[in-house]
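As a plain string of letters, each chain reads:
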Amino acid sequence: MGRLKLQAGINSIEEEPEDCNSSASSNKAALACMINSEVGAVLAVMRRNVRWGGRYMSGDDQLEHSLIQSLKALRKQIFSWQHHWHTINPSVYLQPFLDVIRSDETGAPITGVALSSVHKILTLDVLDLKTVNVEDAMHLVVEAVTSCRFEVTDPASEEVVLMKILQVLLACMKSKVSVMLSNQHVCTIVNTCFRVVHQAGTKGELLQRIARHTMHELVRCIFSHLPDVDNSERALVNGGSSLKKEVFLQIGGLDNEYSFMNNQLENGNNNSEYAGQASSVGFTTSASMNLANAMDESTIGANNGKESVGHDLHLMTEPYGVPCMVEIFHFLCSLLYIVEQMGTGPASNTIALDEDVPLFALGLINSSIELGGPSIRRHPRLLTLVQDELFRNLMQFGLSASPLILSMVCSIVLNLYHHLRTELKLQLEAFFSCVILRLAQNRYGASYQQQEVAMEALVDFCRQKTFMVEMYANLDCDITCSNIFEELANLLSKSAFPVNCPLSAMHILALDGLIAVIQGMAERISNGSVVTERCPVTLEEYTPFWMVKCDNYSEPTSWVPFVRSRKYIKRRLMIGADHFNRDPKKGLEFLQGTHLLPEKLDPQSVACFFRYTAGLDKNLVGDFLGNHDEFCVQVLHEFANTFDFQDMNLDTALRLFLETFRLPGESQKIQRVLEAFSERYYEQSPQILANKDAALLLSYSLIMLNTDQHNVQVKKKMTEEDFIRNNRHINGGNDLPREFLSELFHSICKNEIRTTPEQGAGIPEMTPSRWIDLMHKSKKSPPYIVADSKAYLDHDMFAIMSGPTIAAISVVFDHAEHEEVYQTCIDGFLAVAKISSCHHLEDVLDDLVVSLCRFTTLLNTSLVEEPVLAFGDDTKARMATITVFTIANNYGDYIRTGWRNILDCILRLHKLGLLPARVASDAADDSEISSETGPGKPITNSLSSSHMPSSIGTPRRSSGLMGRFSQLLSLDTEEPRSQPTEQQLAAHQRTLQTIQKCHIDTIFTESKFLQADSLLQLARALIWAAGRSQKGNNPPEDEDTAVFCLELLIAITLNNRDRIVLLWQGVYEHISNIVQSTVMPCALVEKAVFGLLRICQRLLPYKENLADELLRSLQLVLKLDARVADAYCEQITQEVSRLVKVNATHIRSQMGWRTITSLLSITARHPEASEAGFDAVTFIMSDGAHLSPANYVLCVDAARQFAESRVGQVERSLRSLDLMAAVGCLSQWARQTKEATMGEEEAAKMAQDIGEMWLRLVQGLRKVCLDQREEVRNHALLSLQRCLTGIDGVALSHSLWLQCFDMVIFTMLDDLLELAQGHSQKDYRNMEGSLVLALKLLSKVFLQLLDELSQLTTFCKLWLGVLSRMEKYMKAKVRGKRSEKLQELVPELLKNTLLVMKAKGVLIQRGSLGGDSLWELTWLHVNNIAPSLQSEVFHDQGSETQKGETAATPLAGGVAIPTTETIVS
């Protein structure tokens, strides 16, 4: 029924459980006493008056006045009532008091006491819903109080009575039984209260305040019940679903109530309501009367529309509900309308109409909305009032010059947004466009106070978590709406910018709004649903963009893609508009290309493009629409059909139509345009007009009237009569109603139709015609999208506002001087960083970092006398620094070019000595860092572990925070310094704390968690910074910087061993540049070389696929300048030695070993380094543990270098030879080859390789055999002998042996002999012994291989080689004389050899035609050495030989050698 649900079970104070009779009776007695005392009070006051004090003498039948009699009668009864109070009719004990109140004979004091009594009865809860006839009693009270009459004796007592009337009315509404009041009574109460408010304008301040407060309380009390009201259409009119005409609250209440007041005022009856004898009270003052009459007219005018239906009095007499709330709300809205109509005329009361009345009305409206809240949408009539009448007035008062009014308007709109935004989409858009955006910018002449209030309101909206998202989704992504989110975001950004002025409260306010929006986005990220992979929106084919609808506006999976595609279309339309403005034809072609218009243009699509696209040049649109071309005419008619002129006045419709383009100047074009308009208007609003021709003629007439009235060149203006006369007989031969034409005439005169509408996107003004259009549109507008707390659209929104936001926060931060403002800005910066990283907006994050780094003051190169102290005293710089590093640590994944700026800050801190000692240390190296390293330790060698070489370069100045601190505390002898002050110490302490909070080291130690792109950029930034420091002749500080950058680079390389491929190329090139460009020892090249070695040491075990690459990089060490290499040789060797010992098993390629052995070989001749180098070679070669076919030859060669080196003890050379001569591994590999199941080719290849290795080994030993040192030389000879004779299991081919004899044994014998003969004893001691050993080696090897070699065709040549060497040695002169030892040894060895050859059948005389060449040649040489040997060896064959037998043995190639006889002869 649209009324309050009665609340059962409310116990009044006299109700008690029935078994407590004594208690109940005492309660009854208490109430009786209370009423008795009230009767006594009224009588007492009455007796003070002469009129009531004596006997009543007017008639003999009545001794006392009826008022006194009734009070006394009540006194008699109250103590005799035996029943419960709720069974007694309240009228009985209320009526005597009410009679006093109604009586016009009583004075103000008596009426006041009676009112107090009624108030007491109401407030003590004597009445409840169970009380008999309570409804009638409440009606009596309301009727009596609202028609209260009394004589006014003095102004003070009058104010008291008025105040008590207010109290009683409010008590009625607050009573438990107020639900029994009818709609009519509630309206009467509000009406009476409002009249008191008005009357109070001429009274004291206190009454004014109380009256207003009571009105507020009444409205709050009434509307607080709205949520409890049944939701039914009957609440409005008898069961009808359409909204019939209801009983509107008029200023005097209902008509019958209104009449008596007016009559009595007119009759001038001095005893009238609120009228005293001395002065007239109430609405008798002219201003109040005007206001009342104006309100009366306005309300009646509102009611006398087309649906003039009689009031449903039955509905008004039902218990109160929606009908009275509609009445009251409509009345409150009409109050605003009246003020607007009356303007600010002179008023005799104290209410300043230009501010006070609207403030009062707005306050009441705000209260009703606060309490009615979302329930309003359940009641269509109330909702309509809010949507249309209220909002229209709010738009009007929003532009008021009064900040108070504006503030109240904004509060109401915020409440409406909170409760009813889904029903107020276009109204909210209009409010922000026409009020907030207009006032908050000083371009439009708003005062500073207006700007501030508008900005405060906007910030309040921004603090609503979903406000900006909803504005973006509902308005920015709707092609027919303006970009409110974008404009508000830009407004906040611009307003936060202090341009050529100090920071003001307005700037901070705007900043708060911006940061509220940003923090809202940051909070939504935590709620999930952030789409990381965003599919770009594209249009594959043409669909009418104005027809697209969303399937489900409440389901994010449906509306999110929908609004994103709408925004894409809107942006493309804007681009299309830009093209169109430059060249209409190309603009349309562009839109066809982007599938926003069809390939073959049709009139409807072009018309909709003109209608719904903002930013079009209205002159061009007008020219297009007015064109006589057939297609253009079709577009014009389609364009007209996009308008909704339903129930619209002709001038309003014409205004709306002509706002969208510029009416062309040519009459033919004007006619075509007006024809299209008239046709559409007549189709939709034919009420008065007979046909479309009538609409056309009248439209023409209005255009002419408009020109006539508003063109300054027209001197003689058209009168109303002229206009009416001009439009005779145009309505199908008949006249149009005079009132209709008169209304049109005045409308055009007051308000010009602009035929040249404003261009561009200025702030629009809300005209009446635009409001009507807005109300039409709102009925067809798509549903309002309610956003939840997920970040669906934040990426798109943030992309729009990030640039201006960062700039604005930065400028405020720059200008700010208070710490709370700093903190606000910092919160904003961190929120921006969070959003940027979450939505992968790397550019935005880089911009933010660049901006923040500026505030750290660390990049300022200007020399401050004490930069550390200055930093400690600068709160802003410290906060900015912490923020930069917080962002780097938390959101480093998405920093790209920003790393350079962050690094600049780190380097500056490093130069100032403010970094913790272990910033550059590698997290994985905790166990290796020396125990000395602590926070106070200098950072100069933070990368070097305990085993690292000490710096040999230039000594660096003391670093580390404690170092700086000690400098401050120290007293310089040359320049005495005072002790630091407490302030300086505090500044240092603050600086220390700041740097600790930054956690700079974790950027590098945690770099393994950085995304690949970010890591690469960090490495590049380090290389860039280091490279910048290296250029030119730089001071030591720059070298220090380059070293530090290199340390950091190596640290992140080591931390990212799993991603070394990503970093390696850059790191290697950087180190390579350092190595190749350095010519003198310095810290940088030291760090480069040892860093490189360390990388190899650490990464070889993990990156076998990169082993060759890593080891090849060590070739850089070989390219070091000689001076540099010499300086660091020992340390380099130690590192290489360590690398080999740890990673020998991981080095598998020949190339890798070549690099290692090259580095080790170089050290052989270096005094300091050779020990470590030999140690490494020994590690590899001893027991063949780490020898492999890949490294054997290289290691042998390295060992040879050590054997030949004269650095160090001879003992080391001998050990080197032993390492070389250990051929067990060759035998092992040969055996493994035989055992392995491999193909023949592979096995043959392996055997060949082993043979080659052996040959290289013996060749190496041969070289050592020529050593100057006797021990080494002789040991080498013995080692060579072992290698030649002790090679078991290795199948060496004959050709290999022949090579060995030629290249090794024979060469060695020849070279030794040459040395013995050509050098002094001083150079080569005891060469004789070496020659003896060499000969023995020759004999032993030859005899061991005799069986195999004798089968060869080249054996003879080999044998002759042996003989010739023996012959040379026999004849050799050592120290100028023949050697006795050789003289003895050679024949002995030769004899032994001959005997073995004879025994084996190798050397025997063979008779043959060709002669026995081996035999002959052997003896030819033997006889030169020892002639007697033949007879000794072949003593039984001597005679036969002499007989001259001519046997010959063919040699290789079948050439016969002549016999001995031939040669002899």
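Residues numbered from 1 in each chain as written. Predicted model: local features only at pLDDT ≥ 70, side-chain atom pairs only at ≥ 80, totals over all residues. Heavy atoms only, no water.

## Comments concerning the overall build of the protein chain
Secondary structure assignment for the protein chain yields 64 helices and two strands. Contacts in the protein chain between residues at least 24 apart in sequence constitute 76% of all its contacts with a sequence separation of at least 6. Surface exposure of the protein chain reaches about 62,600 Å², of which carbon and sulfur atoms provide 50%. (Helix = DSSP H or I, 4+ residues; strand = E, 2+ residues; numbered from the N terminus. Contact = heavy atoms within 4.5 Å. Areas by Shrake-Rupley, 256 points an atom, 1.4 Å probe, with all protein chains shown as cover.)

## Structural notes on the packing of aromatic side chains
Inspection of the entire model under this criterion finds 43 aromatic pairs. A centroid spacing of 5.7 Å and a plane angle of 90° characterise the contact between F813 and F829, whose relative ring orientation is edge-to-face. Of this pair, F813 sits in helix 33 (residues 794-815) while F829 sits in helix 34 (residues 819-838), and the two are 16 residues apart along the sequence. Here a set of aromatic residues connected by ring pairs shows up, and it is made of F639, F643, F645, F657, F661, F677 and Y681. Positioned above the aromatic ring of F360 is the side chain of R212, whose terminal nitrogen or guanidinium carbon lies 5.0 Å from the ring centre. (Phe/Tyr/Trp six-rings, centres within 6.5 Å; stacked < 30°, edge-to-face > 60°. Lys NZ or Arg CZ within 6 Å of the ring centre and 35° of its normal.)

## Some thoughts on helix 52 (residues 1210-1221)
Compared with an ideal rise of 1.5 Å per residue, which puts twelve residues at 16 Å, helix 52 spans 17 Å between its outermost C-alpha atoms and is within 8% of the ideal. The set of residues buried in helix 52 consists of R1212, S1213, L1214, S1216, L1217, L1219, M1220 and A1221. The inward-facing, buried residues of helix 52 contact helix 50 (1170-1181), helix 51 (1192-1204), helix 54 (1240-1264) and helix 55 (1270-1285). (Expected span 1.5 Å × (residues − 1). Buried < 20%, exposed > 50% of the residue type's maximum accessible area, 1.4 Å probe, protein only.)

## Regarding unusual backbone geometry
Notably, N500 is not glycine yet its phi reads approximately 50°, a positive angle. Along the chain, N500 falls in the loop between helix 20 (484-496) and helix 21 (505-526). Classification of N500 by relative accessible area gives exposed; the value is 81%. Positive phi values are uncommon outside glycine, yet N1326 reaches one of about 50°. Mapped onto the secondary structure, N1326 falls in the loop between helix 56 (1294-1318) and helix 57 (1327-1344). Residue classification places N1326 among the partly exposed residues on the basis of a relative accessible area of 30%.

## A short note on helix 33
Given 3.6 residues per turn, any residue in an α-helix points the same way as the ones three and four places further on. Helix length check: helix 33, at 22 residues, gives a terminal C-alpha distance of 29 Å against a target of 32 Å (1.5 Å per residue), a fit within 8%. The element helix 33 is extensively covered by neighbouring structure, given that 16 of its 22 residues are classed as buried.

## Overview of the nonpolar core
Counting 396 residues, the largest nonpolar core has F1004, W1254 and I1305 as the members making the most contacts within it. Here the element with the most residues in this core is helix 56; it accounts for 13 residues. If sequence neighbours within four positions are ignored, F1004 has contacts with L903, I906, V919, L1018, L1022, L1048, I1052 and N1055. A640, A653, L658 and I670 belong to the second-largest nonpolar core, a separate cluster that totals 62 residues. (Core = buried A, V, L, I, M, F, W, Y, C linked by side-chain atoms within 4.5 Å.)

## Focus on the environment of A791
Its place among the elements puts A791 in the loop between helix 32 (768-780) and helix 33. In this structure A791 comes out as buried when scored by relative accessible area, which is 2%.

## A look at the pattern of salt bridges
Overall, the coordinates contain 47 salt bridges when judged by the stated rule. Several salt bridges share partner residues, and in doing so they unite R1165, D1197, R1200 and E1204 into one network. (Salt bridge = Lys/Arg side-chain N within 4 Å of Asp/Glu carboxyl O.)

## A look at the confidence of the model for the protein chain
In this model, the protein chain carries a mean pLDDT of 81, and residues with pLDDT of at least 70 account for 82%. The low-confidence segment residues 343-351, where pLDDT is below 50, has 14 contacts with residues more than four positions distant or belonging to other chains. The model gives residues 926-975 a pLDDT under 50, and that stretch makes 100 contacts with residues more than four places away or in other chains. (pLDDT = per-residue confidence, 0-100.)

## Regarding the packing of helix 17 (residues 425-439) against helix 32
Where helix 17 contacts helix 32, the axes come no closer than 9 Å and their chain directions differ by 145°. Touching L426, Q427 and A430 of helix 17 are W771, L774, M775, K777 and S778, all from helix 32. Taken together, the residues of the contact of helix 17 with helix 32 break down into five nonpolar, two polar and one charged. (Axes fitted to C-alpha atoms, helices over the stretch in contact; angles between N-to-C directions. Nonpolar A, V, L, I, M, F, W, Y, C, P; charged D, E, K, R; others polar.)

## Topic: the environment of R1057
Relative to the helices and strands, R1057 resides in the loop between helix 43 (1036-1055) and helix 44 (1060-1077). Residue R1057 is classed as partly exposed on the basis of its relative accessible area of 27%. In this structure the C-alpha to C-alpha distance between R1057 and Y1102, which are 45 residues apart in sequence, comes to 7.6 Å. At 3.3 Å, the side chain of R1057 forms a polar contact with the side chain of Y1102. (Polar contact = N/O pair within 3.5 Å; in protein donor to acceptor, adjacent residues only side chain to side chain.)

## Side note on the side chain of E217
Relative to the assigned elements, E217 resides in helix 9 (residues 205-223). By relative accessible area, E217 is classed as buried at 19%. In terms of polar contacts, E217 uses its side chain to reach the side chain of K174, at 3.2 Å.

## Quick look at the environment of A1172
Relative to the helices and strands, A1172 is located in helix 50. Of the residues examined, A1172 reaches a relative accessible area of 16% and is grouped as buried. Separated by 39 residues in sequence, A1172 and T1133 place their C-alpha atoms 6.0 Å apart. Among all residues touching A1172, those that are not within four sequence positions of it are T1133, Q1134 and S1137.

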